[in-house]
Every structure is written in C-alpha cells, then in structure tokens.
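Residues per chain are reported as follows:
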Amino acid sequence: MSSSENNSESKKKQANYSIAEPHDLLPRSKWLRDYYFKGAEREWANEYMSFTTGTEWDTIWEESNYYIAPEVHTYIGNEGKGVFESSLRSMAIPVTSLPDNFWDLSLPERRAIFFKEVMLNYIPQEIISENDLIAGGRFNTQLSNTLTKKEAKKHWKMNLRNRKAFFKYHKSGFGNLGATGGHLIPDHETIITKGFKYIHHLAKEKYEELSKKEISGPKGAELRAMIIASELPRELAKKYAEECRRLKNSASSPERVKELEQMAQNLERVPWEPAETFWQGVQALWITHMLIMADESYPGPGVSFGRGDQFLWPLYKKDVIDEKNISKDFAKEILGSFWFHCNTVYDAQIMVGKQGITSAFGQLLTLSGCGPNGEDLTNELTYTLLEVIDEWSPILEPKPNVRLHRNSPERLLDIVVSMISRSQGAPFLLNFDERSIAGMVEEGIPEEKAWDYACVGCLENTMQGNDRSGTVNCNPNLAKSIELTLWNGKTMPGNSNEPWSKDGELIAPKTGSPEQFETWDQFWNAWKAQIEYLIKYTVDVYNMTEEFRAKFLPTPYVSTLFRGCIEKGLDIRNGGPELRFITIEGVAFATTVDSLLAIKYFVYDEKKYSIAQIKDALVHNFDGKEYSIMQSQLKNKAPKYGNNDDQADKMAREIMKLWAKETWKYKTPTDFQYRPGMLSWNYWAGADANLTPATPDGRLAGTFLSNAICPSTGADKKGPTAVTNSVGLALGGKTEEGVYINYLPNGASHTITFNPSILRDPENKEKFKAYLKGYIENGGTSLQVNMLDANMLIDAQQHPENYTNLLVRVTGYNAYFNAIGKELQDEIIARESHQM
C-alpha cells in the first residue's frame with residue numbers, strides 16, 4: 001500500500017466527534033463483548049435453526065406474527081410460498097423421533113412434545129467459550145406448527161381471510177396491527193424461589209382434580225401439554241451439565257475445571273429446584289428466558305425480565321455481602337455472561353447488516369422503584385447492575401428501565417445523570433412511578449399490588465408473572481380521523497392506494513360535509529364519530545388474529561410461567577392469565593392535536609380560512625404560492641401542543657381522554673380487555689407516515705407524523721420544562737387534591753433530545769437532576785433521553801465507517817445510527833435539541 005493510501009485510510013478512521021465507548025470491563029466481560037462484536041466473523045453464532053415434522057403441509061414460519069410489521073408484508077406469499085416460509089422450509093431439519101401416536105394427540109400436546117424433542121435432541125448444547133459462566137447457547141428457532149392436514153387446511157383458510165383484512169387496514173392508511181409474540185414478563189420470581197418442580201407439581205395437581213369429561217376435553221389436553229413442557233427445563237439443564245463435565249477434560253487451567261464443575265452442579269439444581277446462590281439465580285433466569293423465545297419462535301422482542309434487582313437481591317446479598325462466597329467482581333462477570341447471551345438474539349439474522357441488528361428487541365430489565373408504601377427499593381444489586389450497564393454500553397441488550405419516584409435516593413439520581421451525560425443514546429429509559437401506578441390502578445389493578453409493576457419491550461407497563469397485555473399489537477393512525485372528517489368518511493382525492501383504497505371511496509361513516517359546519521362543536525362532533533369508528537375498526541380487524549392464534553398457535557411452555565393458565569387449564573393465548581389486555585397504541589397524537597387546533601383557530605376562531613380552502617391546500621400538498629403561505633400560517637401561528645399552552649394542552653387532554661376511553665368498550669373473543677397506550681414504535685416515521693396525506697398542522701404528505709406522546713418535530717419552542725408539563729397534562733394531570741391521573745395505563749413514550757454540552761459541569765448536572773425531579777411531579781410515565789449533537793449525526797451520515805457503534809434513542813428503543821434508514825436519521829437530526 002502506498003503512503004498516500006495509508007494516509008487516506010488513517011483519515012477515514014478518524015471521527016470528528018467522540019462516541020461513547022465501553023470502559024473498565026473485567027477480563028471475561030471484555031472478551032465476551034469483543035467476541036460478540038466480531039459478528040459474522042465469529043466461529044459460533046445463534047442463527048436461526050428451523051425444524052419440520054416432514055409433512056408436505058407443514059408450516060414453519062407463521063406469517064400472522066408479522067402482520068404488525070408492514071416492512072415484512074412484501075415477503076409474505078400464499079400457502080408457504082413466501083420468501084421466509086419457503087427459505088426456512090428448505091433448510092428445515094426433519095424431526096423423525098416423534099412418538100408413534102403423535103398425530104393422535106391434541107395440538108397443545110403435539111406442540112409441547114415437538115418443542116421438547118427439538119431442544120433436547122436436535123439443538124446442540126454448547127458452552128460458548130472458557131470465559132462463559134452461563135449455559136444456554138442456541139435458542140433462535142423456527143418451529144413447525146405441528147398441524148394435521150385437516151388443521152392446516154383450516155389454518156390457511158383463516159390466514160388468507162385475515163391477511164386480506166389486515167393488509168387493507170394498513171394500505172388504506174389506518175395504521176397497522178396483528179397478534180404477535182413476546183412482550184411479556186414471566187413469573188421469574190417463582191422459578192428462582194420455588195423452581196419448575198413447583199410448577200410441574202401444580203400442573204399435575206390441577207390435572208388430577210379434573211373430571212373424566214374434562215380429562216378427555218381441551219382442559220385435560222392443555223394441562224397434559226403443560227406437564228410435558230414444565231419438565232423440559234430440568235432435562236435441558238441436565239444436558240448442559242453433562243456438556244460442562246465433558247469440557248473439564250480439555251479445560252485450560254485448574255480454575256476453569258472448578259468453574260465447569262460448579263456450572264454443572266448449578267445446572268443439576270436449577271431451574272428445577274429453587275436457586276441457592278446468585279450464580280444459580282442468574283443461570284435459572286437465563287434458561288427460563290431463552291426457552292420462552294424458542295417456544296414462540298419469535299426471538300427477543302419484548303420478552304422481559306421484570307424487577308430483577310428485587311427477586312435476585314436476596315441471593316446477591318447472601319453471596320456477595322453477608323457471607324462473601326463470591327466477590328462483587330465475580331458477580332459482575334456472571335452478569336457479563338448473561339449480557340452476552342442476551343445480545344446473541346440478534347444472531348438470528350447475523351448476515352444482515354450490523355449483526356442483524358435493526359433496533360433493540362427490548363429484553364427489558366426493570367430496576368429500582370418504590371414499594372407498597374412509597375418507600376424506595378433501590379439496593380446494592382441495583383447499583384451493581386447499573387455498573388455493568390455503564391461498563392458494557394454501548395450495547396443493546398438487556399435494555400434497562402430505571403423506575404424513579406418521589407423518594408428515589410440522591411445516589412441513584414446522581415448515577416443516572418452521570419450515565420446519561422456520557423451515553424449519547426442513553427443506555428436506559430426512565431419510568432416514573434406515581435404517574436405509572438395511577439394508570440395501573442385505572443385499569444383495575446388493586447393499589448396494594450400496582451406498585452409492583454414492571455415494563456416490557458420498550459416501556460409498556462404490565463404486572464409480573466400473571467399478565468399478557470399484547471402491548472404492541474394495535475397501532476391505529478389517529479391522524480386518519482382528520483382525513484375522514486374533512487372528506488365525510490371518504491378517502492382524500494389523490495390519496496388512494498389501489499387496489500386497497502380508491503379515490504373518493506367511502507371507508508368510514510358519513511359524518512356530514514364539513515363545509516356546511518357553522519360551529520367548532522359541529523366539526524368536533526364529526527371528528528369524535530370518526531375517532532370512535534377508527535377504534536372500532538381496529539378492534540374488529542385485530543380480533544381475527546387473536547381468535548386465529550388461540551386456535552392454531554398454542555405455547556404450552558410459556559403458559560406454565562403465567563399464573564392463571566394452569567389453574568384454568570387454558571393457554572396463555574386463549575384467556576389463561578389472570579390479567580389479560582390488548583393495548584391500542586395511538587400513533588400521531590400531536591399531529592392530530594395540532595391539526596384540530598389549526599382548524600379551530602383559523603376556521604372557527606379567527607375565520608381566516610374556510611374548510612374548503614384548507615381542503616384544497618391539502619389536496620395540493622401545499623404546493624403553490626397561496627398554499628405555501630397558508631402552510632406557514634398553519635405551522636407557525638396556530639397553538640401547538642408541547643409548549644405549556646393552556647389552549648393546546650386543554651385540547652390535547654380532551655383528545656387523549658376521548659380516544660383512550662373508547663378503547664375500554666371492547667374485548668377480544670378470547671376475553672382480553674382492550675386498553676390504551678402510546679408507543680408508536682417507528683410507524684410514525686415509516687409505514688404510517690408514507691400513507692398519510694398532508695395534514696392541517698402544515699405537515700406535508702408522506703413526511704413524519706408525531707412520535708408517541710411527543711410534540712411534533714420542531715413544534716416545541718419553549719424548552720424541556722414546557723414540554724414536560726404538556727405531556728403530564730395530556731395524560732390527565734392531577735386532581736385538585738394532587739392525585740395523579742393517567743389515561744394511558746400501558747404507558748406513553750416521551751423521547752427528548754439535549755445537547756451534550758449541558759452536562760459538562762457539576763452545576764448543570766444538578767439542574768438536570770432537578771429536571772428529573774420535576775418530571776416525577778408533572779411529567780409523563782416514561783422518558784427516553786438522547787444526548788446528541790446534530791452536527792455529529794450529520795458527520796455520521798457522511799462517514800458511517802467512523803461511527804459504527806453510535807447508539808441513538810429512536811422512541812422507546814435504541815438503535816445503531818448506521819443501521820436505520822436515512823429518513824429516520826434525518827428525523828432524529830431535526831429534533832429540537834434542548835438546553836437547560
């Protein structure tokens with residue numbers, strides 16, 4: 001290589017801005033992290049392994065799990081002929097060791113037997129390296145649905161019906177929806193304190209209580225499947241113990257021989273028996289967790305751990321603090337192995353881009369928080385976990401959520417602020433207990449239990465071990481209601497998407513020609529009818545997949561981990577858990593609020609424009625001199641949500657209360673209650689935005705909608721405190737007595753960007769800490785912080801090779817900046833960067 005080429009290569013690797021880097025990693029953890037980031041160059045990877053019964057009608061990749069992801073729709077084909085299904089089928093390993101009576105058994109039993117056979121006898125049990133202290137390697141499965149030929153025929157008939165309805169809903173601009181896996185918190189505390197032995201005996205006990213009729217019916221079948229499934233963790237752990245002892249023969253040192261023997265002894269105990277040590281507790285947690293992802297064939301998304309610093313605390317306290325059986329550093333090395341395994345979820349698509357990573361899957365770990373009387377529950381394990389998070393960052397999994405409240409200790413707040421100051425896309429999100437607990441109580445959780453909530457996926461509030469809440473399944477585009485109101489239930493001219501929707505097609509109720517409305521109340525009532533229809537249409541379409549997966553997609557292993565399923569003899573997907581919700585996550589809230597504010601202000605208050613004029617401008621996408629002037633007025637002169645403006649905040653609260661209340665009217669055929677939340681994932685920037693025409697807030701067709709509960713990009717002009725107050729008021733504010741109100745029990749994603757310069761000195765760190773305390777009092781349920789310089793992001797766009805590990809906070813999740821599309825990159829750059 002010439003000198004000039006060397007110089008060029010050197011310049012290419014010099015970033016103009018520094019990015020967050022891991023620090024102070026212990027030796028094992030450093031090796032594991034470095035090994036993970038070798039990506040496709042690793043000799044080992046947890047890539048997809050697919051398995052089939054070998055029948056010609058077998059289905060391996062379940063398309064209905066991905067209706068929720070519009071970017072996948074292109075790859076779905078008829079009856080197994082889509083890209084994913086045909087690819088996985090071609091590489092599938094036939095499972096030939098099934099019992100002779102396999103096809104005579106019920107579907108839940110077939111599912112449990114097939115899953116058990118695959119995990120024990122077809123997927124290898126591997127210890128990743130001599131630096132690994134936790135067993136449990138491969139879990140990225142794609143499993144046969146184990147349907148009979150008759151069941152498969154019914155399955156495809158329902159699937160094709162559902163697909164047509166779901167695609168029409170999305171392609172017509174209503175949003176996206178679909179029943180999907182993950183997004184749950186199992187009963188890890190019971191496994192760690194009682195073991196799967198307890199679960200197994202409970203299932204057998206309930207089975208023995210059944211009548212003869214029940215034994216021969218669906219309840220008996222479900223319980224037999226759960227009995228089979230509850231034995232799998234013990235048998236798998238035993239196989240891993242055998243592998244640990246086999247590796248002793250080739251271990252590099254006497255110390256490693258001792259570690260492998262201890263790992264084997266751990267696995268002979270957990271997760272079947274209660275954990276007695278911290279090491280055993282983490283091992284039990286991991287095997288339980290990885291088997292959930294394998295059972296659902298849906299690795300990662302939203303499969304969360306709950307309050308890990310609480311249920312692991314007694315073991316940590318005994319081993320590290322009281323008896324000093326292990327050092328704190330060794331406990332951190334155990335956690336380092338856990339961190340490594342969590343991130344191998346992305347190996348499923350390791351050949352695609354950055355280790356197959358497109359965004360954080362959300363294996364969420366909840367830390368700190370209050371107790372039943374408002375007391376703080378932070379402990380030394382909380383701080384140790386925060387150290388591990390800080391040292392390993394930037395990395396995506398597990399994603400930590402720190403619960404803050406009025407009694408959070410100063411030490412915790414100082415650590416949180418310090419970590420945020422150097423993190424760029426903050427390594428965790430913050431949840432705020434008082435507002436969140438108010439929402440849990442609103443949905444019927446007793447106040448004496450609601451304090452023990454945790455978060456799944458991105459930020460969604462649920463209870464632990466008894467709650468299946470479908471937290472991302474329904475994502476209606478609230479801004480669609482504006483189009484339907486302005487065009488009297490029809491598609492806006494020029495906004496057709498044939499064959500799914502046509503120009504001028506009536507797709508919603510007629511609510512009157514808005515040109516004839518003489519008062520704001522008339523317009524408001526028409527809009528109200530359209531938002532009510534939007535929620536009902538969402539429910540009607542979604543119910544199809546809820547019914548479908550209850551019939552064809554049981555998960556007996558997952559069901560054993562949720563209280564209520566064994567007791568009722570019902571699968572988790574068929575009404576088994578004690579708590580059952582489906583969350584309707586409103587998208588484009590601020591776009592909707594600001595559009596209604598603009599119409600009220602310019603048409604009915606100031607009488608500057610008529611409805612006809614605004615509609616004409618929207619049809620022309622504000623293209624033309626007279627329209628561009630109007631666009632500027634709509635964007636800059638009307639009140640805007642996010643500025644602590646009384647008129648705007650009142651409107652926001654009315655809209656929030658109205659649509660949220662509407663969700664509570666409905667249940668699924670499987671007895672899940674609908675409830676409201678606000679997440680938005682990335683739909684506001686992609687799928688939904690592309691199908692939404694220009695809106696009366698001045699937004700152009702196809703451009704970004706607003707993100708979750710955040711103000712529209714660039715609309716928040718009065719600083720972070722004003723935004724915070726608006727968010728809190730939109731969620732309901734407080735009563736006159738100071739009691740928190742929360743219309744969104746599932747939580748609401750609020751992402752805010754600060755310039756990194758604000759936290760470079762102690763005085764400003766104190767100001768930021770004061771801001772967080774203010775958020776506890778007046779803000780929302782959840783806050784994600786970006787500490788980003790827009791100029792750095794622009795440089796990262798131009799020189800991505802210099803910023804390979806730059807993490808940014810998109811909404812409720814982190815993503816590598818280089819792994820997201822340019823449109824989303826531009827949106828993050830355009831966000832208002834606040835000063836204190």
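Being a predicted model, the structure only gives us computed values, none of them experimental. (Residues numbered from 1 in each chain as written. Predicted model: local features only at pLDDT ≥ 70, side-chain atom pairs only at ≥ 80, totals over all residues. Heavy atoms only, no water.)

Moving on, we come to the overall build of the protein. Across its full length, the protein carries 31 helices and 18 strands. Relative to a compact globule of 836 residues, whose C-alpha radius of gyration would be 28 Å, the protein shows 27 Å and is just as compact. The principal-axis extents of the C-alpha atoms in the protein amount to approximately 85 × 70 × 65 Å. Here the contacts in the protein between residues at least 6 apart in sequence split such that 78% fall between residues at least 24 apart. Carbon and sulfur atoms form 49% of the exposed surface of the protein, whose accessible area is close to 29800 Å². In the protein, which carries 95 positive and 110 negative side-chain charges, the distance between the mean positions of the two groups comes to 3 Å. (Helix = DSSP H or I, 4+ residues; strand = E, 2+ residues; numbered from the N terminus. Rg over C-alpha atoms; globule rule 2.2 N^0.38 Å. Contact = heavy atoms within 4.5 Å. Areas by Shrake-Rupley, 256 points an atom, 1.4 Å probe, with all protein chains shown as cover. Lys, Arg positive; Asp, Glu negative; His and termini not counted. Charge placed at Lys NZ, Arg CZ, Asp CG, Glu CD.)

Next up on the list: the pattern of salt bridges. Applying the stated criterion across every chain yields a total of 48 salt bridges. Glutamate 209 is the salt-bridge partner of lysine 206, the closest N and O atoms lying 3.9 Å from each other. Between glutamate 243 and arginine 246 there is a salt bridge, and its shortest N-O distance comes to 2.8 Å. Separated by three residues within a single helix, glutamate 243 and arginine 246 lie in helix 9 (residues 218–247), roughly one turn from each other. (Salt bridge = Lys/Arg side-chain N within 4 Å of Asp/Glu carboxyl O.)

Next up on the list: the sheet that holds strand 2 (residues 93–94). The strand order across the open sheet built from three strands is 2-1-3, with neighbouring strands paired in parallel fashion. Each edge of the open sheet is held by one strand with a lone partner, namely strand 2 and strand 3 (141–143). For strand 1 (residues 49–52) and strand 2, the ladder comprises two bridges, and the chain directions are parallel. Among the inter-strand pairings, phenylalanine 51 is bridged to a residue of strand 2, identified as isoleucine 93. (Pairing = 2+ DSSP bridges.)

Our focus in this paragraph is the packing of aromatic side chains. Where two aromatic rings form a pair, the distance of their centres and the angle of their planes describe that pair. By the definition in use, this model includes 42 aromatic pairs. Looking at lysine 194, its charged tip hangs above the ring of tyrosine 198, at a distance of 4.4 Å from the centre. Cation over ring: arginine 234 sits above tryptophan 272, and NZ or CZ is 4.1 Å from the ring centre. (Phe/Tyr/Trp six-rings, centres within 6.5 Å; stacked < 30°, edge-to-face > 60°. Lys NZ or Arg CZ within 6 Å of the ring centre and 35° of its normal.)

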